[in-house]
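Reading the structure
Listed here are the chains, written in short residue letters.
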Amino acid sequence: MVLVWQIASSIAADRLFPGPVQVVSVLLHEAVRGELPYHLGISLARVVASLGSAIVIGAALGYAAGRSHRAEIWMRPWIVLLLNMPALITVILIYIWLGLAETALVLAVALNKIPNVVVTIREGASRLDKDFAEMAELYRFGRAAKLQHVVLPQLAPFFLVTLRSGLALTWKIVLLAELLGRSNGVGFQLQVYFQNFDVTHILAYAISFGVVMLAIEYGLLVPLERRLFAWRR
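Residues numbered from 1 in each chain as written. Predicted model: local features only at pLDDT ≥ 70, side-chain atom pairs only at ≥ 80, totals over all residues. Heavy atoms only, no water.

1. Structural notes on a nonpolar patch on the surface
A surface patch of nonpolar side chains, about 970 Å² in accessible area, is lined by L88, I89, I92, L93, I96, W97, L98, L107, L111, L179 and L180. If you list the elements that add at least two residues to the nonpolar patch, you get α5 (87-98), α6 (102-126) and α8 (143-181). Top contributing element to the nonpolar patch by residue count: α5, with seven residues. Mapped onto the secondary structure, L98 falls in helix α5. (Patch = residues over 30% accessible without salt bridge, like charges linked within 9 Å, V, L, I, M, F, W, Y side chains within 5 Å. Areas by Shrake-Rupley, 256 points an atom, 1.4 Å probe, with all protein chains shown as cover. Salt bridge = Lys/Arg side-chain N within 4 Å of Asp/Glu carboxyl O. Helix = DSSP H or I, 4+ residues; strand = E, 2+ residues; numbered from the N terminus.)

2. As for the side chain of E72
As for its position among the elements, E72 is in helix α4 (residues 69-83). Dropping the residues within four chain positions of it, E72 is found in contact with A65 and R122. (Contact = heavy atoms within 4.5 Å.)

3. Quick notes on the packing of helix α3 (residues 35-67) against α4
When two helices pack together, their arrangement is given by the angle between the helix axes and the distance between those axes. Contact pair α3 / α4: the axes reach a minimum separation of 5 Å and the direction vectors enclose 120°. Judged by the inter-axis angle, α3 sits oblique to α4. Residue-level contacts link L61, A64, A65 and R67 of α3 to H69, A71, E72 and M75 of α4. Here the contact of α3 with α4 is built from residues that sort into five nonpolar, one polar and two charged. (Axes fitted to C-alpha atoms, helices over the stretch in contact; angles between N-to-C directions. Parallel < 35°, antiparallel > 145°, perpendicular 65-115°, else oblique. Nonpolar A, V, L, I, M, F, W, Y, C, P; charged D, E, K, R; others polar.)

4. Observations concerning the environment of V117
Of note, V117 is situated in helix α6. With 113 residues separating them in the primary sequence, V117 and A230 have C-alpha atoms 24 Å apart. Setting aside anything within four residues of it in sequence, one finds V117 in contact with A54, I55, G58, A59 and T162.

5. Here we look at the packing of aromatic side chains
As enumerated under the stated definition, the model contains four aromatic pairs in all. Geometrically, the ring pair formed by W74 and W78 is tilted, given 6.5 Å between the ring centres and 40° between the ring planes. Taken together, the residues W74 and W78, both in helix α4 and four residues apart, mark about one turn of the helix. Take W74 and W78: they sit in the same class, and that class is exposed. Centre to centre, the rings of F194 and F197 are 6.4 Å apart; their planes meet at 45°, and the pair counts as tilted. Here the two residues F194 and F197 agree in accessibility, since each one is exposed. (Phe/Tyr/Trp six-rings, centres within 6.5 Å; stacked < 30°, edge-to-face > 60°. Buried < 20%, exposed > 50% of the residue type's maximum accessible area, 1.4 Å probe, protein only.)

6. Concerning α6
Under the 1.5 Å per step criterion, the end-to-end length of α6 is 36 Å for 25 residues, consistent within 8% with the ideal 36 Å. For α6, the principal kink sits at K113 and spans about 30°; a proline, P115, occurs within the next four residues. (Expected span 1.5 Å × (residues − 1). Bend = angle between axes of the 7 residues up to and from the residue.)

7. Side note on the packing of helix α7 (residues 130-138) against α8
In contact at an axis separation of 10 Å, α7 and α8 are set at 175° when each is read in the N-to-C sense. Viewed along their axes, α7 and α8 adopt a mutual orientation that is roughly antiparallel. Across the interface between the two elements, F132, A133, A136 and E137 of α7 pack against K146, V150 and Q154 of α8.

8. Some details on the nonpolar core
Counting residues in hydrophobic clusters, the biggest one holds 35 residues, and the most contacted among them are V91, Y95, L167, W171, V212, M213 and I216. Counting residues per element, the ones that place at least two in this core are α2 (20-33), α3, α5, α6, α8, α9 (186-195) and α10 (199-228). With near-sequence residues (within four places) excluded, Y95 lies in contact with L100, A101, A104, L105, A177, E178, L180, G181 and R182. Ranked by size, the runner-up nonpolar core spans eight residues in total, among them A54, A65, A71 and M75. (Core = buried A, V, L, I, M, F, W, Y, C linked by side-chain atoms within 4.5 Å.)

9. With respect to the pattern of salt bridges
A full pass over the atoms with the stated rule returns 10 salt bridges. As a salt-bridge pair, R33 and E30 come within 2.8 Å of each other at their nearest N and O atoms. Of this pair, R33 and E30 both sit in helix α2, three residues apart, which is roughly one turn of the helix. Using a relative accessible area of 3% as the deciding quantity, one classes E30 as buried. A salt bridge links E102 to R46; its shortest N-O distance comes to 2.4 Å.

10. Observations regarding the environment of Q6
Within the secondary structure layout, Q6 lies in helix α1 (residues 2-11). Owing to a relative accessible area of 35%, Q6 belongs among the partly exposed residues under this scheme. Sequence separation between Q6 and P20 is 14 residues, and the spatial gap between their C-alpha atoms is 6.3 Å.

Laid out in C-alpha coordinates, this is it:
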(Lines give C-alpha, C1' and ligand atoms only; values in the text may rest on other atoms or scores of the structure.)
Protein backbone atom coordinates (compact mmCIF):
# COMPACT_ATOMS: atom_id res chain seq x y z
CA MET A 1 0.00 0.00 0.00
CA VAL A 2 2.79 2.41 0.91
CA LEU A 3 4.66 1.59 -2.31
CA VAL A 4 1.58 2.19 -4.47
CA TRP A 5 0.91 5.39 -2.54
CA GLN A 6 4.48 6.60 -3.17
CA ILE A 7 4.30 5.82 -6.89
CA ALA A 8 0.92 7.56 -7.24
CA SER A 9 2.16 10.64 -5.38
CA SER A 10 5.24 10.83 -7.61
CA ILE A 11 2.96 10.94 -10.65
CA ALA A 12 0.45 13.43 -9.24
CA ALA A 13 1.15 16.91 -7.95
CA ASP A 14 2.34 17.11 -4.32
CA ARG A 15 -0.37 19.63 -3.50
CA LEU A 16 -3.13 17.25 -4.63
CA PHE A 17 -1.68 13.93 -3.50
CA PRO A 18 1.30 14.20 -1.11
CA GLY A 19 3.53 11.19 -0.48
CA PRO A 20 3.59 9.00 2.64
CA VAL A 21 6.74 10.60 4.07
CA GLN A 22 5.21 14.06 3.88
CA VAL A 23 1.90 12.92 5.40
CA VAL A 24 3.51 10.97 8.24
CA SER A 25 5.75 13.95 8.99
CA VAL A 26 2.69 16.20 9.34
CA LEU A 27 0.92 13.54 11.42
CA LEU A 28 3.82 13.33 13.88
CA HIS A 29 4.06 17.11 14.05
CA GLU A 30 0.36 17.43 14.86
CA ALA A 31 0.66 14.69 17.47
CA VAL A 32 3.62 16.42 19.17
CA ARG A 33 1.76 19.74 19.15
CA GLY A 34 -1.19 18.05 20.85
CA GLU A 35 -3.72 19.11 18.23
CA LEU A 36 -4.26 15.61 16.84
CA PRO A 37 -4.77 13.82 20.21
CA TYR A 38 -7.06 16.62 21.38
CA HIS A 39 -9.45 16.58 18.43
CA LEU A 40 -9.25 12.80 18.04
CA GLY A 41 -10.07 12.32 21.73
CA ILE A 42 -13.09 14.61 21.52
CA SER A 43 -14.46 12.77 18.48
CA LEU A 44 -13.86 9.39 20.13
CA ALA A 45 -15.71 10.51 23.28
CA ARG A 46 -18.67 11.56 21.14
CA VAL A 47 -18.63 8.22 19.36
CA VAL A 48 -18.64 6.33 22.67
CA ALA A 49 -21.50 8.43 24.09
CA SER A 50 -23.63 8.19 20.93
CA LEU A 51 -23.01 4.49 20.27
CA GLY A 52 -23.47 3.57 23.92
CA SER A 53 -26.82 5.36 24.07
CA ALA A 54 -27.94 3.79 20.79
CA ILE A 55 -27.01 0.27 21.91
CA VAL A 56 -28.78 0.57 25.29
CA ILE A 57 -32.00 1.96 23.82
CA GLY A 58 -31.90 -0.05 20.60
CA ALA A 59 -31.16 -3.35 22.38
CA ALA A 60 -34.15 -2.90 24.69
CA LEU A 61 -36.47 -2.05 21.79
CA GLY A 62 -35.03 -4.80 19.59
CA TYR A 63 -35.46 -7.45 22.29
CA ALA A 64 -39.05 -6.35 22.84
CA ALA A 65 -39.73 -6.50 19.09
CA GLY A 66 -38.14 -9.94 18.82
CA ARG A 67 -40.14 -11.42 21.67
CA SER A 68 -43.49 -9.70 21.11
CA HIS A 69 -45.35 -9.75 17.80
CA ARG A 70 -47.46 -6.74 18.82
CA ALA A 71 -44.37 -4.70 19.68
CA GLU A 72 -42.77 -5.66 16.37
CA ILE A 73 -45.85 -4.57 14.40
CA TRP A 74 -46.00 -1.25 16.25
CA MET A 75 -42.28 -0.50 15.80
CA ARG A 76 -41.87 -1.63 12.19
CA PRO A 77 -43.04 1.56 10.40
CA TRP A 78 -40.94 3.75 12.70
CA ILE A 79 -37.87 1.58 12.17
CA VAL A 80 -38.30 1.56 8.39
CA LEU A 81 -38.76 5.33 8.37
CA LEU A 82 -35.69 6.01 10.53
CA LEU A 83 -33.55 3.47 8.67
CA ASN A 84 -34.14 5.33 5.42
CA MET A 85 -33.87 8.84 6.85
CA PRO A 86 -30.60 10.46 5.67
CA ALA A 87 -28.24 11.23 8.53
CA LEU A 88 -27.77 14.76 7.20
CA ILE A 89 -31.48 15.56 7.66
CA THR A 90 -31.53 14.21 11.21
CA VAL A 91 -28.42 16.16 12.23
CA ILE A 92 -29.71 19.41 10.71
CA LEU A 93 -33.14 19.11 12.34
CA ILE A 94 -31.76 18.29 15.79
CA TYR A 95 -29.34 21.22 15.55
CA ILE A 96 -32.22 23.54 14.61
CA TRP A 97 -34.45 22.27 17.44
CA LEU A 98 -31.85 21.99 20.22
CA GLY A 99 -29.12 24.35 19.06
CA LEU A 100 -25.46 23.69 18.30
CA ALA A 101 -24.88 21.88 21.59
CA GLU A 102 -23.02 18.73 22.59
CA THR A 103 -26.28 17.06 23.62
CA ALA A 104 -27.78 17.75 20.20
CA LEU A 105 -24.83 16.05 18.48
CA VAL A 106 -25.01 12.93 20.66
CA LEU A 107 -28.80 12.72 20.24
CA ALA A 108 -28.66 13.16 16.46
CA VAL A 109 -26.02 10.46 16.03
CA ALA A 110 -27.78 8.07 18.41
CA LEU A 111 -31.09 8.51 16.55
CA ASN A 112 -29.39 7.51 13.33
CA LYS A 113 -27.92 4.37 14.89
CA ILE A 114 -30.83 3.12 17.05
CA PRO A 115 -32.83 1.60 14.12
CA ASN A 116 -29.84 -0.51 13.05
CA VAL A 117 -29.42 -1.81 16.59
CA VAL A 118 -33.12 -2.60 16.84
CA VAL A 119 -33.10 -4.60 13.60
CA THR A 120 -30.01 -6.63 14.56
CA ILE A 121 -31.07 -7.43 18.13
CA ARG A 122 -34.61 -8.19 16.99
CA GLU A 123 -33.25 -10.92 14.73
CA GLY A 124 -31.32 -12.43 17.62
CA ALA A 125 -34.21 -12.20 20.08
CA SER A 126 -36.59 -13.87 17.63
CA ARG A 127 -34.21 -16.84 17.29
CA LEU A 128 -33.69 -17.65 20.97
CA ASP A 129 -33.68 -21.39 21.52
CA LYS A 130 -36.93 -22.55 23.15
CA ASP A 131 -35.20 -25.61 24.62
CA PHE A 132 -32.87 -23.41 26.65
CA ALA A 133 -35.84 -21.38 27.87
CA GLU A 134 -37.64 -24.55 28.96
CA MET A 135 -34.51 -25.76 30.71
CA ALA A 136 -34.28 -22.45 32.59
CA GLU A 137 -37.90 -22.84 33.70
CA LEU A 138 -37.28 -26.44 34.76
CA TYR A 139 -34.33 -25.48 36.97
CA ARG A 140 -36.22 -22.44 38.30
CA PHE A 141 -33.79 -19.79 37.03
CA GLY A 142 -34.53 -16.31 38.26
CA ARG A 143 -34.72 -13.39 35.84
CA ALA A 144 -31.10 -12.39 36.43
CA ALA A 145 -29.78 -15.95 36.01
CA LYS A 146 -31.90 -16.50 32.90
CA LEU A 147 -30.62 -13.27 31.39
CA GLN A 148 -26.99 -14.07 32.21
CA HIS A 149 -26.87 -17.75 31.28
CA VAL A 150 -29.58 -18.16 28.61
CA VAL A 151 -30.41 -14.90 26.85
CA LEU A 152 -27.14 -12.94 26.68
CA PRO A 153 -24.94 -15.83 25.42
CA GLN A 154 -27.32 -16.32 22.49
CA LEU A 155 -27.45 -12.61 21.75
CA ALA A 156 -23.67 -12.13 22.01
CA PRO A 157 -22.99 -12.61 18.24
CA PHE A 158 -25.66 -10.04 17.41
CA PHE A 159 -24.19 -7.57 19.91
CA LEU A 160 -20.77 -7.99 18.29
CA VAL A 161 -22.25 -7.32 14.86
CA THR A 162 -23.93 -4.23 16.30
CA LEU A 163 -20.67 -3.02 17.83
CA ARG A 164 -18.64 -3.46 14.66
CA SER A 165 -21.14 -1.98 12.23
CA GLY A 166 -22.18 0.65 14.75
CA LEU A 167 -18.64 1.82 15.33
CA ALA A 168 -18.05 2.34 11.61
CA LEU A 169 -21.36 4.11 11.04
CA THR A 170 -21.21 6.23 14.20
CA TRP A 171 -17.74 7.56 13.35
CA LYS A 172 -18.98 8.75 9.97
CA ILE A 173 -22.05 10.50 11.37
CA VAL A 174 -20.08 12.09 14.23
CA LEU A 175 -17.64 13.60 11.74
CA LEU A 176 -20.57 14.92 9.68
CA ALA A 177 -22.19 16.46 12.76
CA GLU A 178 -18.89 18.04 13.83
CA LEU A 179 -18.39 19.49 10.37
CA LEU A 180 -21.85 21.07 10.45
CA GLY A 181 -22.08 22.43 13.96
CA ARG A 182 -19.10 22.03 16.29
CA SER A 183 -15.90 24.00 16.85
CA ASN A 184 -13.68 21.03 17.66
CA GLY A 185 -13.21 17.38 16.79
CA VAL A 186 -11.85 15.65 13.68
CA GLY A 187 -14.82 16.69 11.55
CA PHE A 188 -14.26 20.37 12.35
CA GLN A 189 -10.56 20.06 11.55
CA LEU A 190 -11.30 18.39 8.21
CA GLN A 191 -13.61 21.28 7.34
CA VAL A 192 -10.82 23.78 8.07
CA TYR A 193 -8.30 21.85 5.97
CA PHE A 194 -10.82 21.45 3.16
CA GLN A 195 -11.34 25.21 3.03
CA ASN A 196 -7.55 25.63 2.78
CA PHE A 197 -7.20 22.79 0.22
CA ASP A 198 -4.69 21.17 2.61
CA VAL A 199 -4.67 17.55 1.40
CA THR A 200 -1.66 16.64 3.55
CA HIS A 201 -3.43 17.38 6.82
CA ILE A 202 -6.63 15.68 5.58
CA LEU A 203 -4.69 12.49 4.84
CA ALA A 204 -2.84 12.73 8.16
CA TYR A 205 -6.11 12.86 10.11
CA ALA A 206 -7.54 10.07 7.95
CA ILE A 207 -4.57 7.82 8.78
CA SER A 208 -4.82 8.54 12.50
CA PHE A 209 -8.51 7.78 12.28
CA GLY A 210 -7.77 4.42 10.66
CA VAL A 211 -5.13 3.58 13.26
CA VAL A 212 -7.63 4.17 16.07
CA MET A 213 -10.19 1.92 14.35
CA LEU A 214 -7.62 -0.86 13.94
CA ALA A 215 -6.59 -0.49 17.59
CA ILE A 216 -10.21 -0.82 18.72
CA GLU A 217 -10.78 -3.84 16.46
CA TYR A 218 -7.69 -5.82 17.46
CA GLY A 219 -7.25 -4.45 20.98
CA LEU A 220 -10.87 -4.60 22.13
CA LEU A 221 -13.32 -6.36 19.83
CA VAL A 222 -11.22 -9.40 18.89
CA PRO A 223 -10.28 -10.22 22.54
CA LEU A 224 -13.91 -9.65 23.53
CA GLU A 225 -15.05 -12.05 20.80
CA ARG A 226 -12.61 -14.73 21.98
CA ARG A 227 -13.77 -14.34 25.57
CA LEU A 228 -17.47 -14.45 24.73
CA PHE A 229 -17.15 -17.56 22.56
CA ALA A 230 -14.58 -19.46 24.61
CA TRP A 231 -17.35 -21.87 25.65
CA ARG A 232 -17.61 -23.14 22.05
CA ARG A 233 -14.17 -24.74 22.14
